[in-house]
Every structure is written in structure tokens, then in C-alpha cells.
Amino acid sequence: MGEAPMLFADDMQRSYFDLKLNDFETAVVIGNKTYVIGGTGDSTSSGVRILNKLTGEWVIPTLLGTKPKALKSHSCVLLNKDRVLIIKHNSKSSDSVWFLEVDTQFIRDQKKKFETEVVAWSKGVIGDAERPVVISGPSGVGKGTLINMLMKEFPTMFGFSVSHTTRGPREKEQNGVHYHFSKRNVMEQEIRDGKFLEFAAVHGNLYGTSIEAVDVVADAGKRCILDIDVQGARSVKASSLEAIFIFVCPPSFEELEQRLRARGTETEEQIQKRLRNAKAELEQGQTSGLFDHILVNDDLEACYERLKLTGEWVIPTVLGTKPKALKSHSCVLLNKDRVLIIKHNSKSSDSVWFLEVDTQFIRDQKKKFETEVVAWSKGVIGDAERPIVISGPSGVGKGTLINMLMKEFPTMFGFSVSHTTRGPREKEQNGVHYHFSKRNVMEQEIRDGKFLEFAAVHGNLYGTSIEAVDVVADAGKRCILDIDVQGARSVKASSLEAIFIFVCPPSFEELEQRLRARGTETEEQIQKRLRNAKAELEQGQTSGLFDHILVNDDLEACYERLKNILGISESMNATPKTPEKVFDLPMDLSFSKVNEKILINCGTTEQTVVLNLSAMKGGAPGRTRGLDMYAVDQRRENVNDCN
């Protein structure tokens, strides 16, 4: 390892001088300078030294960036006369590629700044890395809270660049977690050594972001978040770091002052200092054109949602129930509007999923939510029966009819359990009669698109979640939805193909008698129900929304008419539906698409599983139905011709 060949930017320079290299050193020559890289020097060495050919003097340059560890055996080559590519021997590919910049525009700018020789290390990253995110704003505006929310929801996607400071730690602050707490003389020396991307003096203390702090996040495969002030953001903007710049501001200066005083941790003098700095930052941040996005933190949750929509990556509203344990899988785009996902190492009954990205349903939801939307839909092998929507005013007997149906045909029907914010009545059980929910929880889930339909009735929220319908389908049963007219209209507007049945009383007077006979409500509550019932009867009987209208004048007779509409009889329950054959899909599989068929090659076996999509129908927010799956023997049949 004693001598390594020298690389010359100009072959004519070979005649000028020869240089004996030490162990693990390589060299490149550019003009009048020889850059010697590597070696076995001590841990404080930069790993780079420069020989000026004209003067014969050695210079240890100011080193920027984080140098590679254990730079022993390696090879190098000069690129474009401005940087050196270094390939580490005996290393993982993830840590093998490094660049030493020696004459890029960034280096020329830094030489003017430091008035000395400067080089900079840059680690080579395989694949595209996400742009870092710079978040700025005055103290007390909520930047830290927003960053913590982002990293809590997406821990594998984002990493926090931990800043350095010379101030002492506050109560509960941990070194290396909240800040890197440093002595002033140490931090000043590291700034002079070019180890900081940005730094500033704030309230008499130094704050800054080291290049290494950003590299640590990138090395972990995460997108780096930098929480820095406007002055620091300007320094980063002037560097070669390509970032997204976001400025967070309060709804008003008065609101910011209230937040700072509410902390109760600082003196009046300190608060006044912060307010003066905040005023300057707000003026610069909102008018300088430095920032790509300005977020007003008037409401924390709303501001957080807006933050997630900035930059190249958007976290969409996800509808439907996503597959569990989506680890090893393969996918293919279908019709440019949905993605077919095949789960490896799974049962065929849970192996086929669709992610809708540009179907008509998704386009409608994007208009509704005013953001990016995707929706999961589970693939169902075989034809599934259409769900049944049963509506009618309170007290008409819908619940009794549904209970009779499910008692007689327990293996055929399943009840979609609605959610509500009202309290449970006597003997009502959570998850059986209703999913009883807190209002703020249900409102958030509605905003998240988790409900097929919802409505405010008698001052309470009622709704049917997509998951409630999926649970019934997962059990291989036909789903019954007991919802009001407003909810039925929402379901009708969705892609869920259902049979719509409206149950009404023989007369309005009869309905009133039934409501009073319950004896569970006050007069005011009864009058509320009667007013709503009148409106529902008018809409249900005249809107054309319902396929069938049943008059419940006699319970048994009405129940028989309901069974006739559904085309069922007592004998049907005695003949269970033949279950679809279940295949075990291995971990090692591959597939190809031929017309409307997916041919799944099951690894080392001689078996190919065919997924036929030709009769596919339905989709989000419900199931994708009509799929056919069967196995063929590759030795006996041409799978491309299988029917």
C-alpha cells in the first residue's frame, strides 16, 4: 500500500515532480496544486493536505462537511477538474462513494469567506434523496410543536436536525435531544473551522446547525428538518443545500405576545427581547421572498394539516381500510386509475388489494376534501351480494325487521353497526347496537374521510363508517345498513352498489302512537322526532331514491314482503354458500399482466395462480368484487390461454 498512482488533471504535469505517498494515500494534481487524500494520521487530521508546487509548501485546508470514517484503502478519480470521486475498498455500497469538492462554485465562495484553502466532503447517496425542510419563525409561534407532531406521525420519514447552542439547558432539556449544548469557545472554533451550515447570535447566545447534524439524519435514510431562525435560513439558502423553506407566523403580534407570557419561564426583560426579535423576524420572513411557503398558526391542527401539504411530498387523505401487515408485496398500475397490490406470503382471501388514485370516486372526494385523496379497496374473489340500505323514520320498525332477518338467516346477513355521539340507552351495548363515540373523535374521523355517510339528527351525530361495512364483508355476509334518508342519499352518490328500501308507517298517527309507547323520551324529544319523521316520509316516498317502499302495517306481513324483495326463502339458509378455494401465495413470487389476467408465478413450485379481472366491479369506498382466482399446472397448460 506504500505507493499509489497519482492522477493528473493535465498529463503534461507528470514531468514536473514525483511525490512519494504514505500508506493509504492517493493524490490528484490540479494546476499547481497536489491534493493528497487519506493516510493513517490521527483522528484530528482532516485526511486532506495540499502541496503548492510553486512554493513547495504544504497546507492543511479548512475542511467542510463530514469526512468518511476509516478512509484507508481507496481509489480516486478527478471529475470535471472540480471534485474528486473516492471509492472506499472493503466497504458496503451504502458507505463506499464519497466526493471531495476542491474547486466547485461552493468551494470558491468559501475560500473568499475563510481567506484560506478550503475543501468539502460530500457523501454519495444511491438514489434520490428528499430535500431537507427548513422551518423558521419567531420564538413562541409553535414551530417546535409542529415539528414534533410531524415526526410523531411519520417517525420513519423525518428526522430532526439537532441544533447547537451555547446557552445552558432548561429544565428537562437533554443534550443531543433538544440541543447540542456546547461551550462558547468550542463552538466558535468549530464555526471558524467551517463545520457549521449556519449560525447566529440570539439573546447573547450562539445557535447554529452543524453540517454533521444534517448528515446524521440523511445517513439514517430520513428527510432532515431544520428548525432555524430567518438569519440562519438565509445562510442555508446561500449554501449548496437544496431545501424547502417554510415560515410559520402567528395570527397577530398580540397573540404571539400572549403565548410568550403564558410560558411563565422568562423575565420581562427577556420577553421584551424576544418580542423585538420577533418583530424583525416577522418583517423579514413575510416580505423577503426567502420562503417558499408561509403558514399562519391560528389553529394548531389546521396549521399542521397545511404543513403536510407543502413541498414535493403530500400525505393524502386515505379512505377505506388499508391491508394489515403490508410488507412484502408487488404492484401494477391498472387503467391509470388504480394500483393492484398482491401480498406475498398470504392467503388468497387476503392477498388482493386495490389502491384507487384517479377513479371517479377519488376525483369527487378530492373536490370534497380539497386535498390529495387515495382509497383502499379489498379485492373479493367471486360475486358478492349487493348491500341493503334500509331507511325510514324513527319508530317505524326498521330495527325489528332487520333483527328478524338476521335471526332467520344468521349466515347470510350482517348488520352494519352505526356510530353515534349520543349516550347509550338502557341495555344498549357498545359495538352491538351502536359504536358510541365522543363528538370530537367522530368529527375528526369524518374529516379524515372514514365515513360512508353521516348526519346530525336530534342534536347528535350518526354515521356509517367504511370499516363497519368492511367488517361484514370480511365475514362473507351481505351487509345491511340501517340509515336515514340523508345517509341513503350519500350512499347512493357513492360507488357502493346497494338495494335501497324505505319502510314507512300506515299513517303518521300510527307512528306517533308507536313513539309514545316507547316511554323512553320527553315530550320535547318526541316532537323533534315527529318533525323529522314528517320530512323523511316526504323525501322517502317522493324522491325516487328508493328501489322499494314497504308499508309496515303488519309486522309479519311486512317481513314476508321484505324477504320477497331480497329473493330469499327459508330453504336458502339451510344451503350454505360454497366457499371459494383458498390458495397459499408464497413469499417468493412474481407476476405478469396478460390482457385482463394477472399470472402469479409461485416461485419454485410448478403452479401458476391466475387472477382474472375481466368481471371486476365495485370499488372504493367498498369492496372490489367479481374477481376470479384459480391455479393451473405450468407443465400441462399454457397459462396464457387459461379461461
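Residue positions are given per chain, counting from 1 as you read along its sequence in written order. In keeping with the model being predicted, local features are shown solely for residues with a pLDDT of at least 70 and side-chain atom pairs are shown and tallied solely at 80 or more, while totals for entire chains, interfaces and linings include all residues. Calculation of side-chain values draws on the structure's entire complement of heavy atoms; hydrogens and water are dropped beforehand.

Visitor: What's the story with the pattern of salt bridges in this structure? I'm lost.
Guide: Opposite charge on two side chains makes pairing possible when the charged atoms of those side chains draw close. Whenever Lys or Arg places a side-chain nitrogen within 4 Å of a carboxyl oxygen from Asp or Glu, that contact is recorded as a salt bridge. For the structure shown, the criterion picks out 34 salt bridges. Put simply, Arg184 and Glu188 hold a salt bridge, and the shortest N to O gap is 3.1 Å. One end of the pair, Arg184, and the other, Glu188, are both in helix α3 (residues 184-192), 4 residues apart, so they sit about a helical turn from each other. Relative accessibility decides the category of a residue: with a 1.4 Å probe and only protein chains considered, values under 20% of the type maximum give buried, values over 50% give exposed, and everything between is partly exposed. Since its relative accessible area comes to 38%, Arg184 is described here as partly exposed. According to the relative accessible area criterion, Glu188 is partly exposed, its value standing at 30%. We note a salt bridge from Lys563 to Glu408, for which the minimum N-O separation is 3.2 Å. In this pair, Lys563 sits in helix α16 (residues 555-566) while Glu408 sits in helix α10 (residues 398-408), placing the two residues 155 residues apart along the sequence. Glu408 gets classed as partly exposed once you look at its relative accessible area, which sits at 24%. Linked through salt bridges whose partners overlap, the residues forming this network are Lys33, Lys111 and Glu117. Numbering of helices and strands runs from the N terminus, with a helix taken as a DSSP run of H or I at least four residues long and a strand as a DSSP run of E at least two residues long.

Visitor: Help me out: how do you make sense of the side chain of Ser391 in this one?
Guide: As for its position among the elements, Ser391 is in strand β26 (residues 388-391). Judged by its relative accessible area of 0%, Ser391 falls in the buried class. Should any heavy atoms of two residues lie within 4.5 Å, those residues are counted as being in contact. Excluding anything up to four places from it in sequence, Ser391 contacts Lys398, Ile483, Asp484, Val485, Ala488, Ile501, Phe502, Val503 and Phe546.

Visitor: Please clarify how the environment of Gly392 should be interpreted in this entry.
Guide: Within the element layout of this structure, Gly392 appears in the loop between β26 and α10. Gly392 gets classed as buried once you look at its relative accessible area, which sits at 4%. Here the alpha-carbon distance between Gly392 and Thr317, two residues 75 residues apart in the chain, equals 32 Å. When sequence neighbours within four positions are dropped, the list of residues in contact with Gly392 reads Lys398, Ile483, Phe502, Val503 and Glu536.

Visitor: Explanation requested: the sheet that holds strand β12 (residues 158-161) in the structure shown.
Guide: Hydrogen bonds along the backbone pair up the strands of a sheet, which may run parallel or antiparallel. If DSSP finds at least two bridges between two strands, the strands pair. Taken together, the 5 strands give an open sheet; going across it, the order is β12-β17-β11-β18-β19, and neighbouring strands pair in parallel fashion. Edge strands, defined here as strands with exactly one partner in the open sheet, are β12 and β19 (293-296). Ignoring strand direction, the axes of neighbouring strands in this sheet form an average angle of 25°. By the bridge criterion, 4 bridges tie strand β18 (residues 244-249) to β19 in an arrangement that is parallel. Each bridged residue has a counterpart across the sheet, and for Phe247 the counterpart in β19 is Ile294. Structural elements are reduced to axes, namely lines fitted to C-alpha atoms, with helices fitted over the stretch in contact, and the angle between N-to-C directions of any two is expressed from 0 to 180 degrees. Sheet strands in contact with helix α8 (residues 300-308) are β11 (133-136), β18 and β19, and its direction is about 165° off that of β19.

Visitor: How should I be thinking about the domain arrangement of the chain in this particular structure?
Guide: Size of an interface: often given as the accessible area lost when the parts come together. According to the domain assignment, the chain contains domain 1 (26-123), domain 2 (133-309), domain 3 (317-382 + 577-633) and domain 4 (388-566). With centres defined by C-alpha atoms, the gap from domain 1 to domain 4 works out at 73 Å. Note that the domain bounds reflect an automated or database-derived domain assignment.

Visitor: How do you make sense of the sheet that holds strand β8 (residues 83-88) when you look at a structure like this?
Guide: Read from one edge of the open sheet, 5 strands run β6-β10-β9-β8-β7, paired in mixed fashion. What marks the edges here is a single partner per strand, and that holds for β6 (62-64) and β7 (74-79). Recorded for the sheet is a direction-independent mean angle of 25° between the axes of neighbouring strands. Bridge analysis of β6 against strand β10 (residues 118-123) gives 3 bridges, and the strand direction is parallel. Residue pairing in the sheet places Leu64 in a bridge with Ala120 of β10.

Visitor: Sorry, what's going on with the pairing of β8 here?
Guide: Regular strands place side chains that alternate from one sheet face to the opposite one. The pairing of β7 with β8 spans 6 bridges and is classified as antiparallel. Looking at the pairing, Ser75 lines up with Ile87 of β8. Where β7 hands over to β8, the hairpin turn is made up of 3 residues, of which Asn80 adopts a positive phi near 55°. Note that β8 and strand β9 (residues 97-101) share 5 bridges and pair antiparallel. Residue pairing for β9: Val84 is matched across the bridge by Leu100.

Visitor: Would you explain the environment of Ile600 in this entry?
Guide: Following the sequence through the fold, Ile600 ends up in strand β37 (residues 597-601). A relative accessible area of 0% places Ile600 in the buried class. Separated by 347 residues in the primary sequence, Ile600 and Phe253 have C-alpha atoms spaced 62 Å apart. In this view, Ile600 contacts Ile342, Leu589, Ser590, Phe591, Gln607, Thr608 and Val609; residues no more than four positions away in its chain are not counted.

Visitor: I tried to follow the packing of helix α14 (residues 508-518) against helix α15 (residues 523-542) on my own but got confused; where do I start?
Guide: Packed helices, taken two at a time, are described by the angle their axes make and the gap between the axes. One way to put it is that α14 packs onto α15 with a least axis distance of 11 Å and a crossing angle of 145°. Pair α14 / α15 crosses with right-handed handedness. In this structure, α14 contributes Phe508, Leu511, Glu512, Leu515, Arg516 and Arg518 to the contact, and α15 contributes Glu523, Ile526, Gln527, Arg529, Leu530, Ala533, Lys534 and Leu537. For this scheme, ten residues count as nonpolar: Ala, Val, Leu, Ile, Met, Phe, Trp, Tyr, Cys and Pro. Four count as charged, namely Asp, Glu, Lys and Arg, and the remainder, Gly too, count as polar. A breakdown of the residues in the contact of α14 with α15 according to their chemical character gives 7 nonpolar, 1 polar and 6 charged. Here a crossing is taken to be left-handed if its near helix is turned anticlockwise relative to the far helix by less than a right angle, and right-handed if that turn runs clockwise.

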